[in-house]
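A closer look at the structure
One-letter residues, chain by chain:
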There are 2 protein chains.
Amino acid sequence: MHLVTEQPVTASDKTFIQLRQDIVEGDIQSGSKLSETELANRYAVSRAIVREAINRLENCHLVERKPNVGARVVALSPERLVSLYQVRESLEGMAARLAATNMSDDEIDNLQALLSTHLQTVQSGETYYQEAGDVDFHYRIILGSKNDHLISMLIEGIYHLIRMYRVQLGMAGPRVTTAFDEHRSIAQAIDNRDGELAEMLMRRHIFYTRNNLEQKLLEAVG
Amino acid sequence: MHLVTEQPVTASDKTFIQLRQDIVEGDIQSGSKLSETELANRYAVSRAIVREAINRLENCHLVERKPNVGARVVALSPERLVSLYQVRESLEGMAARLAATNMSDDEIDNLQALLSTHLQTVQSGETYYQEAGDVDFHYRIILGSKNDHLISMLIEGIYHLIRMYRVQLGMAGPRVTTAFDEHRSIAQAIDNRDGELAEMLMRRHIFYTRNNLEQKLLEAVG
DNA sequence: GTCGATAAAATTGTCGACAATATAGCCAAA
DNA sequence: TTTGGCTATATTGTCGACAATTTTATCGAC
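My aim in this report is to walk through the structure given alongside it, one point at a time. (Residues numbered from 1 in each chain as written. Chains lettered and ligands numbered in written order. Predicted model: local features only at pLDDT ≥ 70, side-chain atom pairs only at ≥ 80, totals over all residues. Heavy atoms only, no water.)

This brings us to the protein's contact with DNA strand D. In the region of DNA strand D, 19 residues are neighbours, and Lys33, Arg47 and Arg51 of chain A together with Thr10 and Ala11 of chain B sit closest. For DNA strand D, the backbone portion of the atoms within 4 Å of the protein, that is sugar and phosphate, comes to 74%. At a separation of 2.5 Å, a phosphate oxygen of DNA strand D approaches a polar side-chain atom of Thr10 of chain B. Where the surface near DNA strand D is concerned, the elements lending two or more residues are β1 (33–34) and α3 (47–59) of chain A together with α1 (11–24) and α3 (47–59) of chain B. (Near = heavy atom within 4 Å. Polar contact = N/O pair within 3.5 Å; in protein donor to acceptor, adjacent residues only side chain to side chain. Helix = DSSP H or I, 4+ residues; strand = E, 2+ residues; numbered from the N terminus.)

This is how it looks when you write it as C-alpha coordinates:
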(Lines give C-alpha, C1' and ligand atoms only; values in the text may rest on other atoms or scores of the structure.)
Protein backbone atom coordinates (compact mmCIF):
# COMPACT_ATOMS: atom_id res chain seq x y z
CA MET A 1 0.00 0.00 0.00
CA HIS A 2 1.67 3.20 -1.13
CA LEU A 3 1.28 6.38 -3.08
CA VAL A 4 -0.44 6.18 -6.40
CA THR A 5 2.24 5.96 -9.05
CA GLU A 6 1.57 7.95 -12.16
CA GLN A 7 2.94 5.90 -15.01
CA PRO A 8 5.01 7.99 -17.41
CA VAL A 9 4.58 6.73 -20.94
CA THR A 10 5.99 9.47 -23.12
CA ALA A 11 9.34 11.25 -22.93
CA SER A 12 7.47 14.38 -22.03
CA ASP A 13 5.94 12.60 -19.05
CA LYS A 14 9.30 11.47 -17.78
CA THR A 15 10.83 14.91 -18.14
CA PHE A 16 7.84 16.51 -16.48
CA ILE A 17 8.05 14.21 -13.48
CA GLN A 18 11.82 14.54 -13.22
CA LEU A 19 11.76 18.30 -13.49
CA ARG A 20 8.94 18.52 -10.99
CA GLN A 21 10.89 16.46 -8.51
CA ASP A 22 13.99 18.57 -9.00
CA ILE A 23 11.96 21.69 -8.28
CA VAL A 24 10.03 20.32 -5.31
CA GLU A 25 13.14 18.96 -3.67
CA GLY A 26 15.06 22.16 -4.26
CA ASP A 27 17.67 20.79 -6.68
CA ILE A 28 16.53 23.63 -8.88
CA GLN A 29 16.38 26.65 -6.68
CA SER A 30 13.12 28.38 -5.98
CA GLY A 31 12.91 31.59 -7.98
CA SER A 32 15.53 30.59 -10.53
CA LYS A 33 15.07 30.88 -14.26
CA LEU A 34 14.35 27.82 -16.35
CA SER A 35 16.29 27.93 -19.58
CA GLU A 36 14.77 25.63 -22.17
CA THR A 37 18.07 24.94 -23.91
CA GLU A 38 19.87 24.26 -20.66
CA LEU A 39 17.20 21.87 -19.42
CA ALA A 40 17.11 20.15 -22.80
CA ASN A 41 20.82 19.38 -22.40
CA ARG A 42 20.45 18.45 -18.78
CA TYR A 43 17.73 15.89 -19.40
CA ALA A 44 19.01 14.89 -22.84
CA VAL A 45 15.79 15.62 -24.70
CA SER A 46 14.69 18.14 -27.28
CA ARG A 47 13.50 21.61 -26.42
CA ALA A 48 9.96 20.72 -27.44
CA ILE A 49 9.84 18.13 -24.66
CA VAL A 50 11.11 20.62 -22.12
CA ARG A 51 8.60 23.20 -23.25
CA GLU A 52 5.73 20.81 -22.77
CA ALA A 53 7.02 19.83 -19.34
CA ILE A 54 7.28 23.47 -18.33
CA ASN A 55 3.77 24.12 -19.55
CA ARG A 56 2.49 21.34 -17.37
CA LEU A 57 4.42 22.64 -14.40
CA GLU A 58 2.72 25.96 -14.85
CA ASN A 59 -0.61 24.32 -14.10
CA CYS A 60 0.78 22.89 -10.89
CA HIS A 61 1.68 26.48 -9.97
CA LEU A 62 5.30 25.39 -9.69
CA VAL A 63 6.59 27.72 -12.39
CA GLU A 64 5.46 31.03 -13.81
CA ARG A 65 5.85 31.80 -17.47
CA LYS A 66 5.92 35.08 -19.30
CA PRO A 67 5.46 35.17 -23.08
CA ASN A 68 8.67 35.75 -24.99
CA VAL A 69 10.60 35.96 -21.76
CA GLY A 70 10.66 32.57 -20.13
CA ALA A 71 9.73 30.57 -17.08
CA ARG A 72 10.87 30.85 -13.48
CA VAL A 73 10.41 28.53 -10.55
CA VAL A 74 7.92 30.09 -8.17
CA ALA A 75 9.29 31.90 -5.18
CA LEU A 76 8.18 30.72 -1.77
CA SER A 77 6.69 33.52 0.25
CA PRO A 78 4.53 33.83 3.36
CA GLU A 79 1.77 35.55 1.38
CA ARG A 80 1.65 32.79 -1.20
CA LEU A 81 1.75 30.16 1.51
CA VAL A 82 -1.27 31.70 3.18
CA SER A 83 -3.30 31.95 -0.01
CA LEU A 84 -2.35 28.41 -0.92
CA TYR A 85 -3.31 27.02 2.44
CA GLN A 86 -6.58 28.90 2.49
CA VAL A 87 -7.53 27.05 -0.65
CA ARG A 88 -6.14 23.81 0.65
CA GLU A 89 -8.10 24.10 3.86
CA SER A 90 -11.31 24.57 1.95
CA LEU A 91 -10.73 21.79 -0.56
CA GLU A 92 -9.33 19.17 1.75
CA GLY A 93 -11.94 19.95 4.35
CA MET A 94 -14.49 19.19 1.69
CA ALA A 95 -12.60 16.04 0.75
CA ALA A 96 -12.76 14.81 4.33
CA ARG A 97 -16.49 15.45 4.49
CA LEU A 98 -17.12 13.61 1.25
CA ALA A 99 -14.77 10.80 2.23
CA ALA A 100 -16.83 10.15 5.35
CA THR A 101 -19.73 9.38 3.06
CA ASN A 102 -18.04 7.87 0.04
CA MET A 103 -15.17 5.75 1.26
CA SER A 104 -15.89 2.04 1.36
CA ASP A 105 -15.52 0.11 4.59
CA ASP A 106 -12.45 -1.57 3.19
CA GLU A 107 -10.85 1.72 2.30
CA ILE A 108 -11.46 3.00 5.82
CA ASP A 109 -9.95 -0.16 7.27
CA ASN A 110 -6.89 0.38 5.12
CA LEU A 111 -6.69 3.97 6.26
CA GLN A 112 -6.72 2.89 9.89
CA ALA A 113 -4.11 0.25 9.15
CA LEU A 114 -1.95 2.91 7.55
CA LEU A 115 -2.13 4.93 10.73
CA SER A 116 -1.04 1.91 12.75
CA THR A 117 2.12 1.58 10.73
CA HIS A 118 2.64 5.33 11.06
CA LEU A 119 2.34 5.03 14.80
CA GLN A 120 5.12 2.46 14.85
CA THR A 121 7.25 4.62 12.62
CA VAL A 122 6.76 7.66 14.78
CA GLN A 123 7.52 5.71 17.93
CA SER A 124 10.69 4.33 16.39
CA GLY A 125 11.71 7.90 15.68
CA GLU A 126 12.19 7.47 11.97
CA THR A 127 11.81 10.38 9.62
CA TYR A 128 9.54 8.52 7.25
CA TYR A 129 6.42 10.07 8.58
CA GLN A 130 7.43 13.64 7.98
CA GLU A 131 6.85 13.60 4.30
CA ALA A 132 5.68 10.43 2.60
CA GLY A 133 3.50 9.25 5.47
CA ASP A 134 1.65 12.49 5.78
CA VAL A 135 1.20 12.83 2.08
CA ASP A 136 -0.07 9.29 1.85
CA PHE A 137 -2.69 9.93 4.53
CA HIS A 138 -4.02 13.03 2.87
CA TYR A 139 -3.77 11.39 -0.51
CA ARG A 140 -6.12 8.61 0.50
CA ILE A 141 -8.72 10.91 1.92
CA ILE A 142 -8.65 13.00 -1.20
CA LEU A 143 -9.15 9.91 -3.33
CA GLY A 144 -11.80 8.77 -0.88
CA SER A 145 -13.89 11.81 -1.69
CA LYS A 146 -14.65 10.15 -5.03
CA ASN A 147 -15.10 13.59 -6.54
CA ASP A 148 -13.10 13.62 -9.78
CA HIS A 149 -12.77 17.37 -10.04
CA LEU A 150 -11.72 17.72 -6.45
CA ILE A 151 -9.16 14.94 -6.83
CA SER A 152 -7.75 16.48 -9.98
CA MET A 153 -7.49 19.99 -8.57
CA LEU A 154 -5.76 18.79 -5.45
CA ILE A 155 -3.43 16.13 -6.76
CA GLU A 156 -2.63 17.42 -10.22
CA GLY A 157 -3.19 21.02 -9.22
CA ILE A 158 -1.60 22.06 -5.97
CA TYR A 159 -0.26 19.03 -4.19
CA HIS A 160 3.28 19.25 -5.39
CA LEU A 161 3.46 22.92 -4.53
CA ILE A 162 2.34 22.05 -1.02
CA ARG A 163 5.01 19.37 -0.93
CA MET A 164 7.55 21.94 -2.07
CA TYR A 165 6.89 24.08 0.98
CA ARG A 166 7.02 21.07 3.26
CA VAL A 167 10.18 19.62 1.81
CA GLN A 168 12.11 22.84 1.58
CA LEU A 169 11.08 24.17 4.98
CA GLY A 170 11.43 20.80 6.64
CA MET A 171 8.84 19.24 8.88
CA ALA A 172 10.46 18.10 12.07
CA GLY A 173 10.05 18.88 15.72
CA PRO A 174 7.16 18.32 18.09
CA ARG A 175 4.62 19.01 15.37
CA VAL A 176 5.04 15.49 14.00
CA THR A 177 3.51 13.74 16.97
CA THR A 178 0.72 16.28 17.26
CA ALA A 179 -0.07 15.91 13.59
CA PHE A 180 -0.30 12.17 14.00
CA ASP A 181 -2.94 12.53 16.70
CA GLU A 182 -4.87 14.87 14.45
CA HIS A 183 -4.71 12.33 11.67
CA ARG A 184 -6.12 9.72 14.00
CA SER A 185 -9.03 11.94 15.00
CA ILE A 186 -9.84 12.60 11.37
CA ALA A 187 -9.71 8.92 10.51
CA GLN A 188 -11.96 8.16 13.44
CA ALA A 189 -14.51 10.73 12.35
CA ILE A 190 -14.52 9.21 8.87
CA ASP A 191 -14.85 5.78 10.41
CA ASN A 192 -17.90 7.04 12.28
CA ARG A 193 -19.24 8.46 9.00
CA ASP A 194 -19.33 11.86 10.62
CA GLY A 195 -18.62 14.11 7.66
CA GLU A 196 -19.11 17.42 9.42
CA LEU A 197 -16.66 16.55 12.16
CA ALA A 198 -14.17 15.14 9.68
CA GLU A 199 -14.27 18.39 7.73
CA MET A 200 -13.82 20.50 10.81
CA LEU A 201 -10.91 18.43 12.08
CA MET A 202 -9.24 18.43 8.70
CA ARG A 203 -9.55 22.18 8.37
CA ARG A 204 -8.12 22.69 11.79
CA HIS A 205 -5.31 20.24 11.09
CA ILE A 206 -4.35 22.10 7.93
CA PHE A 207 -4.62 25.42 9.71
CA TYR A 208 -2.16 24.26 12.34
CA THR A 209 0.17 23.00 9.67
CA ARG A 210 0.02 26.33 7.93
CA ASN A 211 0.93 28.23 11.07
CA ASN A 212 3.84 25.90 11.61
CA LEU A 213 5.12 26.36 8.08
CA GLU A 214 4.54 30.10 8.13
CA GLN A 215 6.65 30.44 11.23
CA LYS A 216 9.48 28.46 9.68
CA LEU A 217 9.27 30.50 6.52
CA LEU A 218 9.45 33.75 8.45
CA GLU A 219 12.45 32.47 10.37
CA ALA A 220 14.14 31.43 7.15
CA VAL A 221 13.44 34.54 5.12
CA GLY A 222 13.49 37.04 7.93
CA MET B 1 -17.08 47.90 -17.31
CA HIS B 2 -16.87 44.38 -18.60
CA LEU B 3 -15.14 41.04 -18.30
CA VAL B 4 -11.43 41.00 -17.83
CA THR B 5 -9.88 40.51 -21.23
CA GLU B 6 -6.93 38.19 -21.34
CA GLN B 7 -4.57 39.64 -23.90
CA PRO B 8 -3.35 36.98 -26.33
CA VAL B 9 0.20 37.73 -27.37
CA THR B 10 1.40 34.56 -29.05
CA ALA B 11 -0.22 32.50 -31.80
CA SER B 12 -0.67 29.75 -29.27
CA ASP B 13 -2.65 32.11 -27.08
CA LYS B 14 -4.97 33.06 -29.89
CA THR B 15 -5.55 29.47 -30.92
CA PHE B 16 -6.13 28.46 -27.32
CA ILE B 17 -8.74 31.15 -26.81
CA GLN B 18 -10.43 30.48 -30.13
CA LEU B 19 -10.54 26.74 -29.61
CA ARG B 20 -11.81 27.19 -26.08
CA GLN B 21 -14.60 29.40 -27.31
CA ASP B 22 -15.55 26.92 -30.02
CA ILE B 23 -15.77 24.18 -27.42
CA VAL B 24 -17.63 26.18 -24.80
CA GLU B 25 -20.18 27.45 -27.29
CA GLY B 26 -20.69 24.01 -28.79
CA ASP B 27 -19.28 24.71 -32.26
CA ILE B 28 -17.12 21.70 -31.56
CA GLN B 29 -19.41 19.08 -30.19
CA SER B 30 -19.01 17.84 -26.65
CA GLY B 31 -17.44 14.40 -26.68
CA SER B 32 -15.94 14.71 -30.15
CA LYS B 33 -12.36 13.92 -31.03
CA LEU B 34 -9.85 16.69 -31.57
CA SER B 35 -7.60 15.88 -34.51
CA GLU B 36 -4.42 17.91 -34.36
CA THR B 37 -3.97 17.99 -38.13
CA GLU B 38 -7.57 18.96 -38.73
CA LEU B 39 -7.46 21.77 -36.20
CA ALA B 40 -4.15 22.97 -37.59
CA ASN B 41 -5.81 23.40 -40.98
CA ARG B 42 -8.93 24.91 -39.48
CA TYR B 43 -7.08 27.61 -37.58
CA ALA B 44 -4.26 27.93 -40.14
CA VAL B 45 -1.43 27.27 -37.72
CA SER B 46 1.10 24.52 -37.25
CA ARG B 47 0.40 21.36 -35.31
CA ALA B 48 2.74 22.45 -32.53
CA ILE B 49 0.49 25.41 -31.83
CA VAL B 50 -2.57 23.23 -31.72
CA ARG B 51 -0.86 20.78 -29.42
CA GLU B 52 0.01 23.49 -26.97
CA ALA B 53 -3.52 24.85 -27.08
CA ILE B 54 -4.94 21.39 -26.42
CA ASN B 55 -2.57 20.93 -23.50
CA ARG B 56 -3.82 24.13 -21.98
CA LEU B 57 -7.41 23.10 -22.50
CA GLU B 58 -6.71 19.94 -20.60
CA ASN B 59 -5.98 22.01 -17.51
CA CYS B 60 -9.30 23.75 -17.87
CA HIS B 61 -10.86 20.29 -17.81
CA LEU B 62 -12.36 21.01 -21.20
CA VAL B 63 -10.60 18.17 -23.01
CA GLU B 64 -9.20 14.82 -21.97
CA ARG B 65 -6.06 13.48 -23.53
CA LYS B 66 -4.73 9.96 -23.76
CA PRO B 67 -1.09 9.35 -24.68
CA ASN B 68 -0.58 8.15 -28.23
CA VAL B 69 -4.30 8.25 -28.83
CA GLY B 70 -5.48 11.83 -28.79
CA ALA B 71 -7.73 14.35 -27.15
CA ARG B 72 -11.50 14.49 -26.86
CA VAL B 73 -13.80 17.26 -25.76
CA VAL B 74 -15.23 16.36 -22.36
CA ALA B 75 -18.69 14.90 -22.28
CA LEU B 76 -21.29 16.71 -20.22
CA SER B 77 -22.90 14.42 -17.69
CA PRO B 78 -25.00 14.84 -14.55
CA GLU B 79 -22.33 13.15 -12.43
CA ARG B 80 -19.61 15.46 -13.65
CA LEU B 81 -21.88 18.45 -13.21
CA VAL B 82 -22.46 17.52 -9.59
CA SER B 83 -18.79 16.99 -8.81
CA LEU B 84 -17.91 20.23 -10.58
CA TYR B 85 -20.51 22.22 -8.71
CA GLN B 86 -19.54 20.74 -5.39
CA VAL B 87 -16.08 22.17 -5.91
CA ARG B 88 -17.45 25.40 -7.24
CA GLU B 89 -19.72 25.84 -4.25
CA SER B 90 -16.80 25.42 -1.89
CA LEU B 91 -14.41 27.69 -3.76
CA GLU B 92 -16.79 30.47 -4.65
CA GLY B 93 -18.29 30.39 -1.19
CA MET B 94 -14.81 31.00 0.10
CA ALA B 95 -14.31 33.74 -2.48
CA ALA B 96 -17.42 35.54 -1.26
CA ARG B 97 -16.26 35.32 2.33
CA LEU B 98 -12.84 36.71 1.49
CA ALA B 99 -14.31 39.35 -0.79
CA ALA B 100 -16.34 40.71 2.12
CA THR B 101 -13.06 41.41 3.85
CA ASN B 102 -10.74 42.23 0.99
CA MET B 103 -12.72 44.20 -1.58
CA SER B 104 -12.14 47.93 -1.47
CA ASP B 105 -15.04 50.29 -0.97
CA ASP B 106 -14.70 51.39 -4.57
CA GLU B 107 -14.85 47.85 -5.83
CA ILE B 108 -17.98 47.20 -3.83
CA ASP B 109 -19.56 50.38 -5.21
CA ASN B 110 -18.77 49.18 -8.70
CA LEU B 111 -20.29 45.80 -7.91
CA GLN B 112 -23.49 47.47 -6.76
CA ALA B 113 -23.50 49.64 -9.85
CA LEU B 114 -23.12 46.55 -12.00
CA LEU B 115 -26.21 45.07 -10.38
CA SER B 116 -28.17 48.24 -11.15
CA THR B 117 -27.43 47.89 -14.83
CA HIS B 118 -28.34 44.22 -14.58
CA LEU B 119 -31.65 45.13 -13.04
CA GLN B 120 -32.45 47.36 -15.98
CA THR B 121 -31.42 44.65 -18.40
CA VAL B 122 -33.56 42.07 -16.68
CA GLN B 123 -36.54 44.39 -16.58
CA SER B 124 -36.18 45.17 -20.25
CA GLY B 125 -36.28 41.45 -20.90
CA GLU B 126 -32.97 41.25 -22.70
CA THR B 127 -30.97 38.07 -22.75
CA TYR B 128 -27.74 39.77 -21.79
CA TYR B 129 -27.96 38.79 -18.21
CA GLN B 130 -28.19 35.09 -18.75
CA GLU B 131 -24.57 34.59 -19.55
CA ALA B 132 -22.21 37.52 -19.58
CA GLY B 133 -23.92 39.39 -16.77
CA ASP B 134 -23.90 36.48 -14.41
CA VAL B 135 -20.33 35.58 -15.24
CA ASP B 136 -19.27 39.16 -14.71
CA PHE B 137 -20.84 39.26 -11.26
CA HIS B 138 -19.15 36.09 -10.12
CA TYR B 139 -15.96 37.15 -11.79
CA ARG B 140 -15.71 40.28 -9.72
CA ILE B 141 -16.30 38.55 -6.45
CA ILE B 142 -13.66 35.98 -7.29
CA LEU B 143 -11.18 38.74 -8.07
CA GLY B 144 -12.34 40.55 -4.94
CA SER B 145 -11.13 37.65 -2.81
CA LYS B 146 -7.59 38.85 -3.57
CA ASN B 147 -6.39 35.27 -3.15
CA ASP B 148 -4.16 34.51 -6.13
CA HIS B 149 -4.45 30.75 -5.93
CA LEU B 150 -8.18 30.87 -5.57
CA ILE B 151 -8.48 33.26 -8.50
CA SER B 152 -6.28 31.10 -10.66
CA MET B 153 -8.04 27.85 -9.87
CA LEU B 154 -11.45 29.32 -10.52
CA ILE B 155 -10.82 31.49 -13.56
CA GLU B 156 -8.09 29.60 -15.34
CA GLY B 157 -9.16 26.28 -13.91
CA ILE B 158 -12.87 25.59 -14.05
CA TYR B 159 -14.69 28.70 -15.10
CA HIS B 160 -14.93 27.92 -18.77
CA LEU B 161 -16.17 24.43 -18.05
CA ILE B 162 -18.90 25.96 -15.92
CA ARG B 163 -19.69 28.32 -18.76
CA MET B 164 -19.86 25.34 -21.10
CA TYR B 165 -22.66 23.77 -19.09
CA ARG B 166 -24.50 27.07 -18.85
CA VAL B 167 -24.19 27.94 -22.51
CA GLN B 168 -25.03 24.53 -23.88
CA LEU B 169 -27.92 23.87 -21.52
CA GLY B 170 -29.22 27.40 -21.76
CA MET B 171 -30.17 29.56 -18.82
CA ALA B 172 -33.58 30.98 -19.40
CA GLY B 173 -36.88 30.87 -17.58
CA PRO B 174 -37.92 32.08 -14.15
CA ARG B 175 -34.52 31.27 -12.67
CA VAL B 176 -33.06 34.47 -14.13
CA THR B 177 -35.06 36.82 -11.93
CA THR B 178 -34.53 34.68 -8.86
CA ALA B 179 -30.81 34.55 -9.49
CA PHE B 180 -30.69 38.30 -9.74
CA ASP B 181 -32.24 38.66 -6.30
CA GLU B 182 -29.70 36.20 -4.95
CA HIS B 183 -26.92 38.25 -6.48
CA ARG B 184 -28.26 41.33 -4.77
CA SER B 185 -28.33 39.64 -1.39
CA ILE B 186 -24.76 38.50 -1.82
CA ALA B 187 -23.62 41.96 -2.83
CA GLN B 188 -25.41 43.42 0.18
CA ALA B 189 -23.71 41.00 2.54
CA ILE B 190 -20.35 41.93 1.07
CA ASP B 191 -21.26 45.59 1.37
CA ASN B 192 -22.00 44.98 5.05
CA ARG B 193 -18.63 43.23 5.35
CA ASP B 194 -20.45 40.14 6.55
CA GLY B 195 -18.23 37.36 5.21
CA GLU B 196 -20.04 34.45 6.81
CA LEU B 197 -23.37 35.49 5.38
CA ALA B 198 -21.84 36.19 1.98
CA GLU B 199 -20.37 32.71 1.90
CA MET B 200 -23.61 31.09 2.91
CA LEU B 201 -25.64 33.01 0.36
CA MET B 202 -23.14 32.29 -2.38
CA ARG B 203 -23.12 28.59 -1.60
CA ARG B 204 -26.87 28.47 -1.63
CA HIS B 205 -27.01 30.45 -4.86
CA ILE B 206 -24.65 28.04 -6.57
CA PHE B 207 -26.55 25.08 -5.15
CA TYR B 208 -29.78 26.36 -6.68
CA THR B 209 -28.05 26.94 -9.98
CA ARG B 210 -26.74 23.41 -9.93
CA ASN B 211 -30.17 21.93 -9.35
CA ASN B 212 -31.51 24.00 -12.20
CA LEU B 213 -28.79 22.84 -14.57
CA GLU B 214 -29.01 19.25 -13.43
CA GLN B 215 -32.67 19.17 -14.21
CA LYS B 216 -32.11 20.56 -17.69
CA LEU B 217 -29.34 18.09 -18.29
CA LEU B 218 -31.52 15.18 -17.26
CA GLU B 219 -34.28 16.42 -19.55
CA ALA B 220 -31.84 16.76 -22.42
CA VAL B 221 -30.05 13.45 -22.01
CA GLY B 222 -32.95 11.45 -20.72
C1' DG C 1 -19.47 -15.87 -40.71
C1' DT C 2 -16.22 -15.13 -36.93
C1' DC C 3 -11.85 -14.73 -35.18
C1' DG C 4 -6.95 -13.80 -35.32
C1' DA C 5 -2.78 -12.30 -37.47
C1' DT C 6 -0.61 -9.28 -40.63
C1' DA C 7 -0.03 -5.17 -43.44
C1' DA C 8 -1.37 -0.46 -44.66
C1' DA C 9 -2.92 4.00 -43.27
C1' DA C 10 -3.56 7.56 -40.15
C1' DT C 11 -2.45 9.92 -35.88
C1' DT C 12 0.43 11.34 -32.25
C1' DG C 13 5.26 12.02 -30.37
C1' DT C 14 9.78 13.97 -31.14
C1' DC C 15 13.27 16.49 -33.27
C1' DG C 16 16.29 20.16 -35.40
C1' DA C 17 16.15 24.47 -37.94
C1' DC C 18 14.48 29.04 -38.68
C1' DA C 19 11.82 33.37 -37.26
C1' DA C 20 10.50 36.69 -33.86
C1' DT C 21 11.23 38.77 -29.63
C1' DA C 22 13.73 40.27 -25.63
C1' DT C 23 18.15 41.08 -23.27
C1' DA C 24 22.94 42.81 -22.86
C1' DG C 25 26.60 45.44 -24.41
C1' DC C 26 28.40 49.32 -26.81
C1' DC C 27 28.92 53.80 -28.49
C1' DA C 28 27.80 58.56 -28.96
C1' DA C 29 25.71 62.82 -27.40
C1' DA C 30 24.51 65.85 -23.64
C1' DT D 1 29.14 60.48 -15.76
C1' DT D 2 24.76 59.57 -17.44
C1' DT D 3 21.38 58.80 -20.83
C1' DG D 4 19.55 57.35 -25.09
C1' DG D 5 19.57 54.61 -29.02
C1' DC D 6 21.73 51.10 -31.84
C1' DT D 7 23.88 46.54 -32.58
C1' DA D 8 24.91 41.95 -31.30
C1' DT D 9 23.64 38.12 -28.68
C1' DA D 10 20.78 34.97 -26.51
C1' DT D 11 16.21 33.09 -25.67
C1' DT D 12 11.66 31.95 -26.85
C1' DG D 13 8.07 31.03 -30.55
C1' DT D 14 6.91 28.55 -34.70
C1' DC D 15 7.32 25.41 -38.33
C1' DG D 16 7.82 21.19 -41.30
C1' DA D 17 9.77 16.60 -41.43
C1' DC D 18 10.62 12.15 -39.45
C1' DA D 19 9.82 8.35 -35.84
C1' DA D 20 6.84 5.71 -32.94
C1' DT D 21 2.41 4.19 -31.91
C1' DT D 22 -2.27 3.25 -32.69
C1' DT D 23 -6.08 2.34 -35.61
C1' DT D 24 -8.07 0.52 -39.67
C1' DA D 25 -8.15 -2.68 -43.53
C1' DT D 26 -7.05 -7.05 -45.58
C1' DC D 27 -6.61 -11.73 -45.74
C1' DG D 28 -6.57 -16.55 -44.33
C1' DA D 29 -7.86 -20.26 -41.05
C1' DC D 30 -11.32 -22.48 -38.58
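What follows concerns the pairing of strand β2 (residues 63–66) of chain B. Residues and elements named next belong to chain B. Relative to strand β3 (residues 70–73), β2 is paired through four bridges, and the arrangement is antiparallel. If you follow Val63 over to β3, its bridge partner there is Val73. Connecting β2 to the next strand, β3, in antiparallel fashion are three residues, including Asn68 with a positive phi near 65°. (Pairing = 2+ DSSP bridges.)

Facing 27 residues of chain B, the contacting portion of chain A comprises 27 residues. Both sides of the chain B and chain A interface together cover about 2200 Å² of buried area, and 60% of this is carbon and sulfur. On the chain B side of the contact with chain A, Val87, His149 and Met153 of chain B bury the most area, a combined 27% of that side's loss. Put simply, chain B and chain A have two salt bridges between them. (Contact = heavy atoms within 4.5 Å. Buried area = accessible area lost by both parts, 1.4 Å probe. Salt bridge = Lys/Arg side-chain N within 4 Å of Asp/Glu carboxyl O.)

On to the protein's contact with DNA strand C. Taken together, 19 residues form the shell around DNA strand C, and within it Thr10 and Ala11 of chain A together with Lys33, Arg47 and Arg51 of chain B come nearest. Backbone atoms, meaning sugar and phosphate, make up 72% of the atoms of DNA strand C lying within 4 Å of the protein. In the model, a phosphate oxygen of DNA strand C is placed 2.9 Å from a nitrogen or oxygen of the Lys33 of chain B side chain. Within the backbone of Asn68 of chain B, one N or O atom sits 3.1 Å away from a phosphate oxygen of DNA strand C. Broken down by secondary-structure element, the contributors of at least two residues to the surface near DNA strand C are α1 (11–24) and α3 of chain A together with β1 (33–34) and α3 of chain B. Taken together, the residues that form the surface near DNA strand C break down as seven nonpolar, seven polar and five charged. (Nonpolar A, V, L, I, M, F, W, Y, C, P; charged D, E, K, R; others polar.)

All names here are of chain B. Spatial ordering of the open sheet is given by β1-β3-β2, a layout of three strands whose pairing is antiparallel. Each edge of the open sheet carries a strand with a single partner, namely β1 and β2. In this fold α3 packs onto β1, β2 and β3, with an angle of close to 115° to the strand it touches most, β2. (Axes fitted to C-alpha atoms, helices over the stretch in contact; angles between N-to-C directions.)

Another aspect to go through is the relation of the copies chain B and chain A. Mapping chain B onto chain A is achieved by rotating through 180° and translating by 0.0 Å along the same axis, at an RMSD of 0.1 Å. In the structure described here, the two chain copies are related by an operation that fits a two-fold rotation axis. Comparing interface residues between copies, 100% of those in chain B also lie at the interface in chain A; the contact surface is shared. (Least-squares fit on C-alpha atoms with pLDDT ≥ 70 in both.)

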